[in-house]
Amino acid sequence: MAAGTGSGRTVSATFRPIRGWLLLPSWAIIGFFMVIPVLLMLVYSFLTKEFRGGVIWEPTLAAYDQFLFDRGLFGDEPPTIEWAYITIFIRSILQATGATLLCLLIGFPTAFFIATRPAHTRAIWLFLITIPYWVNLLIRTVSVRFLIRDNGPLNDFLLALGLVDQPLGLINTNFAVQLGLFYSYLPFMVLPIYAAVERYNFAFSEAASDLYAPKWTILRRIVIPVVKPGIIAGCILVFVPSLGAFLAPDLLGGAKTYMIGSLIEEQFKGNAGNWPFGAAASMILLSMVLVVLLFYARGQSREGA
């Protein structure tokens, strides 16, 4: 219930006439820094490429056609499916899904452990989880490359223990990209799940244990359904940025690990870029993310109903 005021009116009723004005700064920032750039990207995706970079203001569907169809070197052959870009898109989805599952596998027990520590030590554990992320993402990704390179600390350690006879070729592999994505976005999984577990009433688990329910049954049928909103939020927060990531694929991967984020980035670099094609790829990626979020919102509304 809203707090009262001296005149008997609630706080919400007091500020209702100026509620729109209070939200105006937020709407202005969202509109200027998010809505307008997305609209510009949408417009650019329907324009013609300029030879030296940039766009020519002539409407066309050439960028989307280039993404979906292959018409030969000179563009005069019958169209066939352009599997090169579609394969990159599918690879990006698989990489983002793998990173999300890996973060969930490690993040859930980590969040559960932190949430069940004494209250005076939880802040320390959260501090340890977040302190590496005070450093720029680029520096952290380069540090991962330094760690797993052929003559890096990881291979030196394995060679010293005699576990391998020669350095493992980890750079330019799917494993390296997965490791980079996992390291980059793990806190995005831990923190929402931690917040959900912290609000969980452990009396439910104790009651189920008193009824001789096994621990795995308690986890599967009581704990996970209750903290599911935190799990879903963490999965979205990891999957969405992983889908469009380009630092990890560029620095840790190679041609076989090329992702959609790297493809988009290249289209806007230098004079050789293709801005309309990059904008079209961005809009396709954005549409996919929106579809995922709409399915999530629809599922939440059904649960609420």
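Residues numbered from 1 in each chain as written. Predicted model: local features only at pLDDT ≥ 70, side-chain atom pairs only at ≥ 80, totals over all residues. Heavy atoms only, no water.

Under an unreviewed UniProt entry, the name given to the protein chain is ABC transporter permease, and the organism recorded is Histidinibacterium lentulum. Quoted straight from UniProt, the Sequence similarities (unreviewed entry) entry for the protein chain says "Belongs to the binding-protein-dependent transport system permease family. CysTW subfamily." Under Subcellular location (unreviewed entry), UniProt gives the following word-for-word description of the protein chain: "Cell membrane". (UniProt positions renumbered as here; feature names shortened; annotations may be inferred.)

Caption draft 1: Representation of the pattern of salt bridges. Across all of its chains, the model carries 3 salt bridges by this definition. A salt bridge links R71 to D65; its shortest N-O distance comes to 2.7 Å. Of the residues examined, R71 reaches a relative accessible area of 31% and is grouped as partly exposed. In this structure, the salt-bridge partner of E265 is K269, at a minimum N-O distance of 3.9 Å. Relative accessible area serves as the criterion here: at 23%, E265 is assigned to the partly exposed category. K269 gets classed as partly exposed once you look at its relative accessible area, which sits at 46%. (Salt bridge = Lys/Arg side-chain N within 4 Å of Asp/Glu carboxyl O. Buried < 20%, exposed > 50% of the residue type's maximum accessible area, 1.4 Å probe, protein only.)

Caption draft 2: Region of interest: unusual backbone geometry. Phi is positive for N172, which is not a glycine, with a value near 65 degrees. Considering the arrangement of structural elements, one finds N172 in the loop between α7 (153-161) and α8 (174-198). Using a relative accessible area of 45% as the deciding quantity, one classes N172 as partly exposed. The phi torsion at Y212 lies on the positive side, around 65 degrees, for a residue other than glycine. Position of Y212 among the secondary structure elements: in the loop between α9 (203-210) and α10 (215-243). (Helix = DSSP H or I, 4+ residues; strand = E, 2+ residues; numbered from the N terminus.)

Caption draft 3: Local environment of the packing of α8 against α10. Viewed as axis vectors pointing N to C, α8 and α10 meet at an angle of 160 degrees, and their least axial separation amounts to 8 Å. One way to sum up the angle between α8 and α10 is to call them roughly antiparallel. Along this stretch, α8 crosses α10, giving a crossing that reads as right-handed. The residues of α10 that touch α8, namely those facing L181, Y185, F188, M189, P192, I193, A196 and V197, are V227, G230, I231, A233, G234, C235, L237, V238, P241 and S242. Here the residues of the contact of α8 with α10 are counted per class, giving 15 nonpolar, 3 polar and no charged. (Axes fitted to C-alpha atoms, helices over the stretch in contact; angles between N-to-C directions. Parallel < 35°, antiparallel > 145°, perpendicular 65-115°, else oblique. Left-handed = near helix turned anticlockwise from the far one by under 90°. Contact = heavy atoms within 4.5 Å. Nonpolar A, V, L, I, M, F, W, Y, C, P; charged D, E, K, R; others polar.)

Caption draft 4: Fine view of a nonpolar patch on the surface. Nonpolar side chains collect at one region of the surface, where F113, I124, W125, F127, L128, I131, W134, V135, L138, I139 and V142 lie side by side and expose about 1000 Å² of accessible area between them. At the level of elements, α5 (119-130) and α6 (137-148) are the ones that each hand at least two residues to the nonpolar patch. In terms of residue count, α5 provides more of the nonpolar patch than any other element does, 4 residues in total. Among the structural elements, F127 can be located in helix α5. By relative accessible area, F127 is classed as partly exposed at 37%. (Patch = residues over 30% accessible without salt bridge, like charges linked within 9 Å, V, L, I, M, F, W, Y side chains within 5 Å. Areas by Shrake-Rupley, 256 points an atom, 1.4 Å probe, with all protein chains shown as cover.)

Caption draft 5: Expanded view of the packing of α9 against α10. The interhelical angle for the contact between α9 and α10, taken along N-to-C directions, is 145 degrees, at an axis separation of 10 Å. Here α9 runs over α10; the crossing is right-handed. Side by side, α9 and α10 meet where F204, S205, A208 and S209 of the first sit next to I218, I222 and V223 of the second. When grouped by side-chain class, the residues that make up the contact of α9 with α10 number 5 nonpolar, 2 polar and no charged.

Caption draft 6: Local environment of the packing of aromatic side chains. All chains considered together, the criterion is met by 17 aromatic pairs. Their ring planes at 40 degrees and their centres at 6.1 Å tell us that F268 and W275 sit as a pair that is tilted. Taking relative accessible area as the criterion, W275 reaches 28% and is therefore assigned partly exposed. Taking NZ or CZ as reference, R140 lies 6.0 Å from the ring centre of Y183, over its face. (Phe/Tyr/Trp six-rings, centres within 6.5 Å; stacked < 30°, edge-to-face > 60°. Lys NZ or Arg CZ within 6 Å of the ring centre and 35° of its normal.)

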